[in-house]
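Working through the structure, step by step
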Amino acid sequence: MMRLGRAALRWGRGGIHTAVPRRGAEVQIGGESGGIAEILMNRPHARNSLGKVFVDELFGALEQLRFDEKVRVVVFKSKVKGVFCAGADLKEREKMDDAEVGHFVKRLRNLMDEIAALPVPTIAAIDGYALGGGLELALACDLRVAASSAKMGLIETTRGLLPGAGGTQRLPRCVGVGLAKELIFTGRQIDGQEAFSMGLVNHTVPQNEEGDAAYQRALTLAKEILPRAPIAVKMGKLAINRGIEVDIASGMAIEGMCYAQNIPTRDRQEGMAAFREKRPPQFIGK
């Protein structure tokens, strides 16, 4: 797996990412299977906390992946054992004045919106602590997989803060208003099993000796998505994301518009032909 900081992204043989690695990068892009891209968070000295350089490199990674038609699924993974993302870099934050804090938190909010707006499915592999902004990052992903031992929480109220990068909006949409209020008001941390029971994560798995059980399960899930028709998957994501924000009648209209965009695709024709010929379809994303 090749590392990538802000270097240009390209694809090698078999659809696997290759690039010239950049020393000191805190965010890399890699991939083990063609079509699955991985955003690898690697800031061990600060437990992947959301510092300025880290955030800049996340923006850069998203920009590189957004228009790459070969990417069908994106997995967010930590390379720091025992932690997904510890949240805000409070050591950096305490050096900011009030105006700088407001500007940086707005940038964090924009980052989470950019993650949510990626056209392909995104999966957060939570193998350790996902606290504050780290959980907000996971919430911005479409799907979440957690090790049963992982710890998650919007802990901002224990620091005199409140969630400011989407937590007050995405958590209630995920677990319901009552549970979201309880978790935010108390700043409570929960483990992977509790998160699964309340619908915060899609899957929970026992942690393994390597400390990457959630990543392995996330990769399996990504490989399950990989052979599906890419445009249909993208349109399905768009219909859900836009439709959930409006009334049912408007949502049905959004679904209709997304469906209409899929009708003339070659993949739809391939799906019909494969069904008729009793063979697996070979989708190309066109």
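Residues numbered from 1 in each chain as written. Predicted model: local features only at pLDDT ≥ 70, side-chain atom pairs only at ≥ 80, totals over all residues. Heavy atoms only, no water.

1. Examining the overall build of the chain
Threshold: Counting from the N terminus, the helices are DSSP H or I runs at least four residues long and the strands are E runs at least two residues long. Put simply, the radius of gyration uses C-alpha atoms, and a globule should come to 2.2 Å times the residue count raised to 0.38. Every residue pair with non-hydrogen atoms within 4.5 Å of one another is taken to be in contact. Under the counting rule used here, the positive set is Lys and Arg, the negative set is Asp and Glu, and His together with the chain ends is not counted. Where a charge lies is defined by one atom per residue type: Lys uses NZ, Arg uses CZ, Asp uses CG and Glu uses CD.
A tally of regular secondary structure across the chain gives 11 helices and 12 strands. In terms of overall size, the chain behaves like a compact globule, its C-alpha atoms giving a radius of gyration of 19 Å where 286 residues would be expected to give roughly 19 Å. For the C-alpha atoms alone, the extent of the chain along its principal axes is close to 60 × 50 × 40 Å. Restricting the contact set of the chain to residue pairs at least 6 apart, pairs at least 24 apart contribute 64%. Positive and negative side-chain charges of the chain, numbering 40 and 33 respectively, have mean locations separated by a distance of 4 Å.

2. A look at the sheet that holds strand 11 (residues 190-191)
The line we're drawing: Criterion used throughout: strands pair if DSSP finds at least two bridges between them.
The strand order 6-8-10-11 describes an open sheet built from four strands, whose pairing is mixed. Whereas interior strands pair on both sides, the edge strands pair on one side only; in this sheet they are strand 6 (83-85) and strand 11. Across two bridges, the pairing between strand 6 and strand 8 (residues 129-131) is parallel. Bridge pairing links Cys85 to Ala130 in strand 8.

3. Regarding the environment of Gln189
Assignment of secondary structure puts Gln189 in the loop between helix 6 (177-186) and strand 11. In the structure, Gln189 is positioned 36 residues away from Gly153 in sequence and 4.4 Å away in space, judged by C-alpha atoms.

4. Structural notes on helix 5 (residues 167-175)
Worth spelling out the cut-off: Residue exposure (1.4 Å probe, protein chains only): buried if accessible area is under 20% of the type maximum, exposed if over 50%, otherwise partly exposed.
Looking at helix 5, one finds that the buried residues are Gly167, Arg170, Leu171, Pro172 and Val175. Of the surrounding elements, those touching the buried residues of helix 5 are helix 3 (98-117), helix 4 (133-140) and helix 6. One or two positions beyond helix 5, positive phi appears at Gly176, with a value near 100°.

5. What to know about the nonpolar core
Note on soluble globular proteins: their nonpolar side chains tend to be buried together. Our working rule: Each nonpolar core is a collection of buried residues, namely Ala, Val, Leu, Ile, Met, Phe, Trp, Tyr and Cys, held together in the definition by side-chain atoms within 4.5 Å.
Membership of the largest hydrophobic core comes to 51 residues, with the highest contact counts inside it found for Phe84, Met152 and Leu200. Considering every element that reaches this core, the biggest residue donor is helix 1 (residues 52-66), with seven residues. Filtering out sequence-adjacent residues up to four positions away, Leu200 remains in contact with Leu135, Leu139, Arg144, Met152, Leu171, Cys174, Val175, Ile190 and Ala195. Ala125, Tyr215, Leu221 and Ala222 belong to the second-largest nonpolar core, a separate cluster that totals 14 residues.

6. Concerning the pattern of salt bridges
Under the convention used in this document: A side-chain nitrogen of Lys or Arg and a carboxyl oxygen of Asp or Glu constitute a salt bridge if their distance falls within 4 Å.
Counted by the stated rule, this structure contains 11 salt bridges. Across the pair Arg276 and Glu277 runs a salt bridge, and its minimum N-O distance is 3.9 Å. Taking relative accessible area as the criterion, Arg276 reaches 58% and is therefore assigned exposed. For Glu277, a relative accessible area of 45% corresponds to the partly exposed category. When salt bridges that share partners are traced, they join Glu270, Arg276, Glu277 and Arg279 into one network.

7. Concerning the pairing of strand 9 (residues 143-147)
Strand 9 sits mainly inside the fold: four of its five residues count as buried. Two elements, strand 7 (residues 122-126) and strand 9, share four bridges in a ladder whose sense is parallel. Paired with Ala124 across the bridge in strand 9 is Arg144. Here strand 9 pairs with strand 12 (residues 203-205) via three bridges, running parallel. If you follow Ala146 over to strand 12, its bridge partner there is Thr204.

8. Some points on the confidence of the model for the chain
Operational definition: Along the chain, pLDDT gives the predictor's confidence residue by residue, from 0 to 100.
A residue-level look at the chain finds 91% of positions with pLDDT of 70 or above and a mean pLDDT of 90. Confidence drops under a pLDDT of 50 for residues 1-24, and excluding neighbours within four residues, the segment shows 68 contacts in the predicted structure.

9. A short note on unusual backbone geometry
Positive phi, normally seen in glycine, also occurs at Arg47, with a value near 55°. Relative to the helices and strands, Arg47 resides in the loop between strand 4 (36-41) and helix 1. Look at Arg47 and you get partly exposed, because its relative accessible area is 41%. Positive phi, normally seen in glycine, also occurs at Lys278, with a value near 55°. Here Lys278 is to be found in the segment after helix 11 (266-277). Lys278 sits in the exposed class, given a relative accessible area of 76%.

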